[in-house]
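# Descriptive analysis of the structure
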Amino acid sequence: MDGRPEVTVIDGGLATELEAVGFNLQVTATAIERSGKKLGGSVSVCGEKAESERFRYRFWPTSVCIHCYQKDDPLWSARILQTNPQAIKTVHARYLSSGADVITTATYQATLAGFVKYLDLKSEEAAQLLQSGVYLAKEAVAEFLSESRNSERRKPLIAGSIGPYGVFLHDRSEYSGNYVDSMTKEELKAWHRPQMQSLITAGVDLIAMETIPSQKEGEALVELLREFPNAKAWLSFSAKDGKCISHGENFDDAVKFPIKSDQLVAVGINCCCPDIISPLLMSANKTRGTKIGWIVYPNSGETWNPNTHYISSLEREPVNNQLAKFALEWKELGAKWIGGCCRTTPADIAELRATLTLDLSHD
């Protein structure tokens, strides 16, 4: 990671972009129908008792079956690795064109066990599908560089996303991390090992261990990383307020173990409201020291309800660009990696890039 700019810009919400053009990953069939009509497409629900009619959105080259994107899909955007990989590559391309230095694979909710369970794949096939997320990102980077007119543009990095164990449980426990109360670190390491192995074998530049709700799971992941001594990674926690991560530990305590790792390029926070980032960083800046920088990539600031999800993208009011608004403040607090998570878009990343570039020119 040597030679990176003062602040490395991460991409934004991948699932957000997929949903924006019709891939409704976690809403009802009624909302899908509304989206389909808005985009000029036709729509029908298919299933075991219904004919497999299809609908096509004009922005994508293949048809999508609503049955595949039912409410609360346990695979979320990871399912599209199988059903429409070109859509994922297209989103990667949008973020690269918007100035992202890092694109994150569509593997946050991808696990070998999940693919075996929900897609009826064999273990080897599941590993190959997970690794396809890396290959799609590599293709997007290669095509972007071949078409780029900016000879000074550094080669973007590919971060292989690993989400918390709770996303597989599909019971919303990833928002609390309570499952760690009945698990050992060794059990957590055993769970994450196949995903980490697959991503590293596929050739990611670094591992994104992200949205981790508890100190125990974070430490387990850092310990697991030692089994791959040549690998680099970042670790980012989810948080419930300006002091504590989601499981309840103080952020200051949660980062004490990982900041000692020579394999981590950054430690920080993702997928929380932008306005609690600064208090979290300030609470732990004395602990961090100068050896390692923070990584921050919050969501748009909209409220998440596990039962009703976000406000529909067809109904919500435009959200001011919170990333650009806070970016320089986070930079002053030690953030070296900044980007967006859920509900942030390529436009948000472009404005973030512009803000950081302008600031650099004034230094």
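In case you missed it, the structure is sitting above this.
Residues numbered from 1 in each chain as written. Predicted model: local features only at pLDDT ≥ 70, side-chain atom pairs only at ≥ 80, totals over all residues. Heavy atoms only, no water.

Attention shifts here to empty space enclosed by the protein. Counting across every chain of the model gives one cavity of 30 Å³ or more. In this structure, the largest cavity encloses a volume near 50 Å³. Around the largest cavity sit T107, Y108, A110, T111, S161, I162, G163, P164, V167, W191, H192 and Q195, which together line it. When residues of the lining of the largest cavity are traced back to their parent elements, those giving at least two are β3 (157–162) and α8 (185–202). By residue number, the principal contributor to the lining of the largest cavity is α8, which donates three residues. (1 Å grid on protein atoms, 1.4 Å probe; cavity = no way out; pocket = protein on both sides within 12 Å on 5 of 7 lines; lining within 4 Å. Points joined across faces, edges and corners; volume = space filled by probe spheres on them. Helix = DSSP H or I, 4+ residues; strand = E, 2+ residues; numbered from the N terminus.)

In this section: the pairing of β3. Burial within β3 is extensive, with six of its six residues counted as buried. Burial along β3 is two-sided: the residues L157, A159 and S161 and I158, G160 and I162 are all buried. Bridge analysis of strand β2 (residues 102–104) against β3 gives three bridges, and the strand direction is parallel. What sits directly across from I103, in β3, is I158. Two elements, β3 and strand β4 (residues 206–212), share four bridges in a ladder whose sense is parallel. Across the sheet, the residue bridging to I162 is M209, located in β4. (Buried < 20%, exposed > 50% of the residue type's maximum accessible area, 1.4 Å probe, protein only. Pairing = 2+ DSSP bridges.)

The final tally for this structure, using the stated rule, is seven aromatic pairs. For the pair W234 and W337, a centre-to-centre distance of 5.9 Å together with 55° between the ring planes defines the contact as tilted. Of this pair, W234 sits in strand β5 (residues 233–237) while W337 sits in strand β8 (residues 335–338), placing them 103 residues apart in sequence. When sorted by exposure, W234 lands in the same class as W337, which is buried. When the centroid spacing of 5.3 Å and the interplanar angle of 40° are considered together, the rings of F251 and W294 count as tilted. Here F251 is found in helix α10 (residues 251–254), whereas its partner W294 is found in strand β7 (residues 293–297), with 43 residues between them in sequence. Note on accessibility: F251 and W294 belong to one class, buried. (Phe/Tyr/Trp six-rings, centres within 6.5 Å; stacked < 30°, edge-to-face > 60°.)

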